[in-house]
Amino acid sequence: MTNKVKAYIKALKSIYTDTKLIAITPIWRKDEGELRAMGVFKDCCDCIKKAMLELDVKIIYGDKLVPPLNEFMADSIHPNDLGFFAYTLNLLDQLQDKI
């Protein structure tokens, strides 16, 4: 999977040569440690982070944008209004450090 992520980012870099790339990794989700057909979600997130670091792409860590608490989530995956509010504030804060 890391190779696919790297290939995708390399393609983006070749198309948008004068653009700073910033990747936002997925947010926390309640089932991140459960085994699924595609594997464990947390392992996929780690794979994305590794590829971004190797390709020198700035990263905003999505798991830091929404607190890992049920009261910020509409279900086990999607933020509710409070979760999106936290996401927005934290994203703006992290963007200031990246641009």
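Per-chain numbering applies: the sequence of each chain, read as written, is numbered from 1 onward. Whole-chain, interface and lining totals are the exception, using all residues; otherwise, since this is a predicted model, local features are given only for residues with pLDDT of at least 70 and side-chain atom pairs are given and counted only at 80 or more. Derived side-chain values reflect all non-hydrogen atoms in the structure, with water molecules and hydrogen atoms excluded from consideration.

Asker: What exactly am I supposed to notice about the overall build of the protein here?
Answerer: By definition, any uninterrupted DSSP run of H or I lasting at least four residues is a helix, any uninterrupted run of E lasting at least two residues is a strand, and each is numbered from the N terminus. From N to C terminus, the protein includes three helices and four strands. Starting at the N terminus and walking to the C terminus, you meet the elements of the protein as α-β-β-β-α-β-α. Dimensions along the principal axes, computed over C-alpha positions, put the protein at roughly 40 × 35 × 15 Å. Accessible area is worked out with a 1.4 Å probe on protein chains only. A residue is then buried under 20% of its type maximum, exposed over 50%, and partly exposed in between. Taking all 99 residues of the protein together, the buried fraction comes to 32%. A fraction of 66% describes how many contacts in the protein between residues 6 or more apart in sequence connect residues 24 or more apart. For every accessible area listed, the method is Shrake-Rupley and the probe measures 1.4 Å; residues are considered covered only by the protein chains on display. Entry remark: accessible area of the protein is about 6700 Å², with carbon and sulfur atoms responsible for 57%. Residues count as neighbours in contact if any of their non-hydrogen atoms are within 4.5 Å of one another.

Asker: Which parts of the structure should I look at to understand a nonpolar patch on the surface?
Answerer: Together, Leu82, Phe85 and Leu89 make up an exposed nonpolar region whose accessible area comes to about 300 Å². With respect to the helices, strands and loops of the structure, Leu82 is situated in helix 3 (residues 81-98). Taking relative accessible area as the criterion, Leu82 reaches 41% and is therefore assigned partly exposed. Patch rule: a residue counts if its relative accessible area is over 30% and it has no salt bridge; like charges are joined within 9 Å, and nonpolar side chains (Val, Leu, Ile, Met, Phe, Trp, Tyr) within 5 Å. A side-chain nitrogen of Lys or Arg and a carboxyl oxygen of Asp or Glu constitute a salt bridge if their distance falls within 4 Å.

Asker: Honestly, the environment of Thr88 in this entry has me stumped. Any pointers?
Answerer: With respect to the helices and strands, the residue Thr88 is situated in helix 3. The class for Thr88 is partly exposed, based on a relative accessible area of 41%. Considered as a pair, Thr88 and Leu65 are 23 residues apart in the sequence and their alpha carbons are 7.7 Å apart.

Function cannot be read off these values alone, since they describe shape.
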